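Each chain, letter by letter, is given below.
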Amino acid sequence: KATISYPEERREQFTRTRWRHVLTRHEDGLERCIGCSLCAGACPAKCINVEASENTETDRKSPGERYATRYEINLLRCIFCGYCQEACPTGAIVLRKDFELANYNREHFIFTKEMLLEPKPLKQ
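Everything in this summary refers to the structure shown in the same document. In this text the structure is predicted, and so the values were computed from the model without any measurement.

With that settled, the discussion passes to the layout of surface pockets. Once rolled over the atoms, a probe with the size of a water molecule shows which space is left empty. What the largest pocket holds in volume is close to 150 Å³. Looking at the largest pocket, it is lined by 10 residues, and the ones nearest its centre are Arg25, Asp28, Gly29, Leu30 and Lys120. Grouping the constituent residues of the lining of the largest pocket by class yields 2 nonpolar, 1 polar and 7 charged.

If you want it as structure tokens, here you go:
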């Protein structure tokens, strides 16, 4: 077998690879997550923690009635099964192919909403 000189060379990922969690947004910049906690309920490792609040007309974060004020995933407990992605009714949480998640501090493995959320799209 051929040796891959990582990180200069990278092996192609399998099509069903699931790694880093990402909270997605709508095209207009609103968050897809409505704070329903179905992802936390589907998680067999119980590593997802969601707290929701109500949207107001002056401060709208998501298109629904509620939004997630706090969304945390403990990646040390996560088994990367993808059940959270399958349970989400709005497609807010997805697992992408970014697999370089190593770190030396345990505290850095608790991903907060700010760390998970996609940046807002630039207005054109």
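On to unusual backbone geometry. The omega torsion across Tyr6 and Pro7 is 10°, close enough to zero to call that bond cis. Within the secondary structure, Pro7 sits in the segment before strand E1 (21–23). Positive phi values are uncommon outside glycine, yet Lys46 reaches one of about 55°. Take Lys46: it is sitting in the loop between helix H1 (38–42) and strand E2 (48–54).

Once that is clear, we can look at the side chain of Lys113. Residue placement: Lys113 occurs in helix H3 (residues 113–116). Looking at Lys113, its side chain comes within polar contact range of the main-chain oxygen of Ala68, at 2.5 Å. Setting aside residues no more than four positions away along its own chain, Lys113 makes contact with Leu23, Glu31, Tyr67, Ala68, Thr69 and Tyr71.

Within the largest apolar cluster, 25 residues are counted, with the highest numbers of intra-cluster contacts made by Leu23, Cys39, Ile48, Tyr71, Ile73, Leu75 and Ile93. If you list the elements that add at least two residues to this core, you get H1, E2, strand E3 (66–74) and strand E4 (93–95). Tallying contributions element by element places E3 first for this core, with 3 residues. Excluding residues that lie within four positions of it along the chain, Ile73 makes contacts with His21, Cys47, Ile48, Ile93, Phe109, Ile110, Phe111 and Leu116.

Turning next to the environment of Arg25. Mapped onto the secondary structure, Arg25 falls in the loop between E1 and H1. Look at Arg25 and you get buried, because its relative accessible area is 13%. Considered as a pair, Arg25 and Ala40 are 15 residues apart in the sequence and their alpha carbons are 19 Å apart. Those residues in contact with Arg25 that lie beyond four places of it in its chain are Leu30, Glu31, Arg32, Leu117, Glu118, Pro119, Lys120 and Pro121. Side-chain polar atoms of Arg25 contact the backbone oxygen of Glu118, separated by 2.7 Å.

For Ser62, the position within the fold is in the loop between E2 and E3. Apart from residues lying up to four places away in sequence, Ser62 is in contact with Leu30, Glu31, Cys33, Ile34, Asn55 and Tyr67.

Quick notes on the rules
Residues numbered from 1 in each chain as written. Predicted model: local features only at pLDDT ≥ 70, side-chain atom pairs only at ≥ 80, totals over all residues. Heavy atoms only, no water. 1 Å grid on protein atoms, 1.4 Å probe; cavity = no way out; pocket = protein on both sides within 12 Å on 5 of 7 lines; lining within 4 Å. Points joined across faces, edges and corners; volume = space filled by probe spheres on them. Nonpolar A, V, L, I, M, F, W, Y, C, P; charged D, E, K, R; others polar. Helix = DSSP H or I, 4+ residues; strand = E, 2+ residues; numbered from the N terminus. Polar contact = N/O pair within 3.5 Å; in protein donor to acceptor, adjacent residues only side chain to side chain. Contact = heavy atoms within 4.5 Å. Core = buried A, V, L, I, M, F, W, Y, C linked by side-chain atoms within 4.5 Å. Buried < 20%, exposed > 50% of the residue type's maximum accessible area, 1.4 Å probe, protein only.

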